[in-house]
Amino acid sequence: MLKNVVQIIFVSKSKVLLGFRQNTEALDQLWGFPSGRIEEGELPLQAAKREALEELAVDVNDLMFLCERPDPKLDLVHYFYICESWSGELINAEPHLCREICWFDIESLPKGCTPITYLILPKVKKYINRN
């Protein structure tokens, strides 16, 4: 059975942070939010904090739960968290799995994002426009 996934949506004004996935088991060569599998015995919030540190070398100061969504193709659930505050400089801490990280305006994401990124986009836009 596949493990559920956390996705961290780093937000700065009207921009979101995406990483270009490479050498990954799934969704290789696509842009997506920083993410990772939830380990056994780990809560989604704990996994999101761990993944932010592992992938981007930052401690998240606060995470706001946005929603959970079933994967459109796999038998797993994605847990989405918004992060607007972190400690440290965002860097690509896993270059073997991520070619680069970039900020994109929420209204002009690059072509070639993961399907779940497009699926959650309306909810992210609503959050950004409300704040």
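One can find the structure itself at the top, above this paragraph.
Now for a look at the structure at hand. (Residues numbered from 1 in each chain as written. Predicted model: local features only at pLDDT ≥ 70, side-chain atom pairs only at ≥ 80, totals over all residues. Heavy atoms only, no water.)

Side note on the layout of surface pockets
Next up, step 1: Estimates place the volume of the largest pocket at around 740 Å³.
Next up, step 2: Lining the largest pocket are 33 residues, with Arg21, Thr24, Ser35, Gly36 and Glu55 sitting closest to its centre.
Next up, step 3: Elements represented by at least two residues in the lining of the largest pocket include exactly β1 (5-12), β2 (15-21), β4 (35-37), α1 (44-56) and β7 (98-105).
Next up, step 4: Take the lining of the largest pocket: its biggest share by element is 4 residues, from α1. (1 Å grid on protein atoms, 1.4 Å probe; cavity = no way out; pocket = protein on both sides within 12 Å on 5 of 7 lines; lining within 4 Å. Points joined across faces, edges and corners; volume = space filled by probe spheres on them. Helix = DSSP H or I, 4+ residues; strand = E, 2+ residues; numbered from the N terminus.)

What to know about the pairing of strand β5 (residues 59-70)
Next up, step 1: By the bridge criterion, 9 bridges tie β5 to strand β6 (residues 77-87) in an arrangement that is antiparallel. Of the residues in β6, the one forming a bridge with Arg69 is His78.
Next up, step 2: Hairpin connection between β5 and β6: a loop of 6 residues separates the two successive antiparallel strands. (Pairing = 2+ DSSP bridges.)

Details of the nonpolar core
Next up, step 1: Judged by nonpolar contacts, the single largest core of 21 residues is most densely connected at Ile9, Val16, Leu66 and Val124.
Next up, step 2: Elements with a contribution of two residues or more to this core: β1, β2, β5, β6 and α2 (115-130).
Next up, step 3: The greatest single-element share of this core, amounting to 6 residues, is contributed by α2.
Next up, step 4: Residue contacts for Val16: discarding those within four places in its chain leaves Ile9, Phe10, Val11, Phe33, Cys102, Trp103, Phe104, Ile106, Leu109, Val124 and Ile128.
Next up, step 5: The next biggest cluster of nonpolar side chains, apart from the first, holds 16 residues, and it includes Ile8, Ala48, Ala52 and Leu90. (Core = buried A, V, L, I, M, F, W, Y, C linked by side-chain atoms within 4.5 Å. Buried < 20%, exposed > 50% of the residue type's maximum accessible area, 1.4 Å probe, protein only. Contact = heavy atoms within 4.5 Å.)

Side note on the state of the cysteines
Next up, step 1: Scanning the entire structure with this criterion turns up 0 disulfides.
Next up, step 2: You can see Cys102 has no disulfide; the closest cysteine sulfur is in Cys98, sitting 8.7 Å from it.
Next up, step 3: Relative accessible area serves as the criterion here: at 23%, Cys102 is assigned to the partly exposed category. (Disulfide = S-S within 2.5 Å.)

Describing the pattern of salt bridges
Any two side chains of opposite charge can pair, so long as their charged atoms come close to each other.
Next up, step 1: All told, the structure shown has 7 salt bridges when counted by the stated rule.
Next up, step 2: With a closest N to O distance of 3.1 Å, Lys3 and Glu39 form a salt bridge. Remark: Glu39 occurs in the loop between β4 and α1 and Lys3 occurs in the segment before β1; sequence separation between them is 36 residues.
Next up, step 3: Overall, the relative accessible area of 36% leaves Lys3 in the partly exposed class.
Next up, step 4: Note on Glu39: relative accessible area 36%, which makes it partly exposed.
Next up, step 5: As a salt-bridge pair, Glu100 and Arg99 come within 2.9 Å of each other at their nearest N and O atoms. (Salt bridge = Lys/Arg side-chain N within 4 Å of Asp/Glu carboxyl O.)

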